[in-house]
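Observations on chain architecture
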Amino acid sequence: MICNTIHVGPNHAALTCYLQDKSAAMPNTDVRPAALIFPGGGYQYCSDREAEPVALAYMAEGYNAFVLRYTTGMDCPLDKALQDAQAALRYVRENATTLNIDARKVAAIGFSAGGHLAAALGTQSEEKPDALVLGYAVTIGATWAPMGRVGEPDLAALVSDETPPSFLFATQGDSLVPVKNSLVFADALGNHDIPFALHIFPTGEHGLSLARPCTSNGDVARVNAGVARWLPLSVEFLQDIWGALGVVKPKPELTAQMGGGKVGLDVPFRRLLKKPAAAAVLQRRLPEVIGILQQNPLLAGASLRQLSGFMPDAYPEELLRSIDEELAGI
């Protein structure tokens, strides 16, 4: 393994790179996905408990890992940390060949304030990571008020169609960063039809990291076997959207949800209407459906096939087949 630290961006933030050796016995790992990790610490410091241990855990799952020690300090504008995150993402992608990673498979993984930074990178930055993993992340601007940071935006309001697929986890027992931070961000992702997974565990205080003894700092309250499942669950989520090392294939339904694959009767209306050609087909062939969706926007997550199941007389099979063929030709 190669481990070295470089400095990136205008603030010279430290980026530690953990790169696994190539092996002739494992040629499918010559190019790996990347885990870009932002530790928490309230933007006052970067927690060791959410840094190297997390990097090593993702390395065991086939990733090359990168830990960013971004700019911190009570009087330091959060914009500087975002500059650091943008510089780190840019460095990783521009040096993908040397780093033995796939530049199209970079997950920004953050905890607490680091989760806020990862979410900001996925919403506020022009160049975004390919996935987010957000652990008990701050996303509601008012959460920063007790620390003297006033006027920070709600990141959920900045979620767009370009926000990457996201894995979120938090605990109901977190009294420092209320679980609502994760809930509202997940709701915004759903409104934009962004693939996401949300895991809310019933117990566990703030700052659990891996929730294992190795990241507990000797505090038994930071060991929680239930919450520790977040890491394998996040790996499974990333495999579902990316596949894994040429062995595991992405899930077709998630590929379609991210804009790939063919359109057809099984694609939700929300996604069909984002494609002008598909929207034109619906407007021409089924104008009454457009009216239904305008009256009840909640149905936008359903597909034409699902709608026809409730109203078979209104949508004969011959009509559906014809529309499906027309959509498939787009």
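This text gives an overview of the structure that appears in the document. What you see is a predicted model; the values in this text were computed from it and never measured. (Residues numbered from 1 in each chain as written. Predicted model: local features only at pLDDT ≥ 70, side-chain atom pairs only at ≥ 80, totals over all residues. Heavy atoms only, no water.)

Structural notes on helix 12 (residues 317-328)
Along an α-helix, a turn takes 3.6 residues, which lines up residues three or four apart on a common side. Here helix 12 is 12 residues long and its end C-alpha atoms lie 16 Å apart, about the 16 Å a rise of 1.5 Å per residue gives. Those residues of helix 12 not exposed but buried are Leu320, Ile323 and Leu327. All buried residues of helix 12 lie within an arc of 65 degrees about the axis, which places them on one face of the element. Away from the buried face of helix 12 by more than 90 degrees, exposed residues Glu318 and Glu325 are located. If you follow the buried residues of helix 12, they end up packed against helix 9 (276-285) and helix 11 (304-310). (Helix = DSSP H or I, 4+ residues; strand = E, 2+ residues; numbered from the N terminus. Expected span 1.5 Å × (residues − 1). Buried < 20%, exposed > 50% of the residue type's maximum accessible area, 1.4 Å probe, protein only. Arc of directions from axis to C-beta. Contact = heavy atoms within 4.5 Å.)

Observations regarding the pattern of salt bridges
A complete count under the given rule lists 12 salt bridges for this structure. Across the pair Glu205 and Arg222 runs a salt bridge, and its minimum N-O distance is 3.7 Å. Residue Glu205 is located in the loop between strand 8 (196-201) and helix 6 (230-242), and its partner Arg222 is located in the loop between strand 8 and helix 6; the two are separated by 17 residues in the primary sequence. Across the salt bridge formed by Glu326 and Arg285, the nearest N and O atoms sit 2.9 Å from each other. With Glu326 in helix 12 and Arg285 in helix 9, the pair connects residues that are 41 residues apart, well separated along the chain. Classification of Glu326 by relative accessible area gives partly exposed; the value is 26%. What emerges from the salt-bridge pattern is a single network uniting Arg93, Glu127 and Asp130. (Salt bridge = Lys/Arg side-chain N within 4 Å of Asp/Glu carboxyl O.)

Considering the side chain of Asn181
Along the chain, Asn181 falls in helix 5 (residues 180-191). Here Asn181 falls in the buried class, since its relative accessible area comes to 1%. Within polar-contact distance, the side chain of Asn181 engages the backbone nitrogen of Ile140 at 2.9 Å. A distance of 3.2 Å separates polar atoms of two side chains, one belonging to Asn181 and the other to Thr143. With near-sequence residues (within four places) excluded, Asn181 lies in contact with Ala137, Val138, Thr139, Ile140 and Thr143. (Polar contact = N/O pair within 3.5 Å; in protein donor to acceptor, adjacent residues only side chain to side chain.)

Looking at the packing of aromatic side chains
According to the stated counting rule, one finds 9 aromatic pairs in the structure shown. With a centroid separation of 5.5 Å and an interplanar angle of 80 degrees, the aromatic rings of Tyr58 and Tyr63 are classed as edge-to-face. Where Tyr58 meets Trp230, the ring centres are 6.4 Å apart and the plane angle is 50 degrees; that geometry is what we call tilted. With a gap of 172 residues between them, Tyr58 in helix 1 (residues 52-59) and Trp230 in helix 6 connect regions that are remote in the sequence. Neither Tyr58 nor Trp230 differs from the other in exposure class; each is buried. In textbook terms, an aromatic cluster arises when at least three aromatic residues are bridged by ring pairs, as seen for Tyr58, Tyr63, Phe111, Tyr136, Phe169 and Trp230. (Phe/Tyr/Trp six-rings, centres within 6.5 Å; stacked < 30°, edge-to-face > 60°.)

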